[in-house]
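Each chain, letter by letter, is given below.
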Amino acid sequence: MPSYPVSCEKITEDPAWLVWVFRDAVWLSLAFSLPVATLIAAALVWRPAMSAKGAAGVGLVVGLILAAVSVGYSIAAATCGYDMQQIDP
């Protein structure tokens with residue numbers, strides 16, 4: 001995480017924050033898309049007309065598409081939250 005604050009509206013305009021959001025989005029989207037791609041490849045490998053390489057290729061393509069869509073959406077729809085606390089004087 002970058003060490004300097006940026007307003008929520010400009011989080012994707014700053015290169016350091018954009019890289020941080022991208023990195024987190026990539027890991028989260030891979031955590032979602034890899035199991036889906038594995039299940040698709042496993043389901044397709046049992047089909048008699050599809051080879052193991054073909055099933056792995058289809059699973060990989062589906063996983064990469066899911067990851068790319070997820071990363072793009074995460075960056076395009078990045079939001080911030082504020083934690084406001086009252087401090088006693």
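Residues numbered from 1 in each chain as written. Predicted model: local features only at pLDDT ≥ 70, side-chain atom pairs only at ≥ 80, totals over all residues. Heavy atoms only, no water.

K.L.:
Quick one: what's the story with the nonpolar core, residue by residue and with numbers?
P.N.:
Counting six residues, the largest nonpolar core consists of Ile11, Trp17, Val21, Ala25, Val71 and Ile75. Within the residue set of this core, elements represented by two or more residues are α1 (15–45) and α2 (52–76). Here the element with the most residues in this core is α1; it accounts for three residues. (Core = buried A, V, L, I, M, F, W, Y, C linked by side-chain atoms within 4.5 Å. Buried < 20%, exposed > 50% of the residue type's maximum accessible area, 1.4 Å probe, protein only. Helix = DSSP H or I, 4+ residues; strand = E, 2+ residues; numbered from the N terminus.)

K.L.:
Hey, could you go over the packing of aromatic side chains for me, with residue numbers and the actual values?
P.N.:
The final tally for this structure, using the stated rule, is one aromatic pair. Seen from their ring centres, tryptophan 17 and tryptophan 20 are 5.4 Å apart, and the 80° between their planes marks the pair as edge-to-face. Taken together, the positions of tryptophan 17 and tryptophan 20, both in helix α1 and three residues apart, correspond to about one turn of that helix. Overall, the relative accessible area of 9% leaves tryptophan 17 in the buried class. (Phe/Tyr/Trp six-rings, centres within 6.5 Å; stacked < 30°, edge-to-face > 60°.)

K.L.:
Before we move on, could you go through α2 and cite the residues and values that matter?
P.N.:
Over its 25 residues, α2 extends 36 Å from the first C-alpha to the last, a length consistent with the 36 Å expected when each residue adds 1.5 Å. In this structure, the buried side of α2 is in contact with α1. (Expected span 1.5 Å × (residues − 1). Contact = heavy atoms within 4.5 Å.)

K.L.:
Which residues make up the environment of serine 70, and what values do they have?
P.N.:
As for its placement among the helices and strands, serine 70 is situated in helix α2. Assessed through its relative accessible area of 23%, serine 70 is described here as partly exposed. Counting along the chain gives 37 residues from serine 70 to serine 33, while the straight-line C-alpha distance between them is 8.8 Å.

K.L.:
Summarise the side chain of serine 29; cite the residues concerned and give the values.
P.N.:
Following the sequence through the fold, serine 29 ends up in helix α1. On the basis of relative accessibility, which here comes to 2%, the residue serine 29 falls in the buried class. Only 3.0 Å separates the side chain of serine 29 from the backbone oxygen of valine 26, close enough to count as a polar contact. (Polar contact = N/O pair within 3.5 Å; in protein donor to acceptor, adjacent residues only side chain to side chain.)

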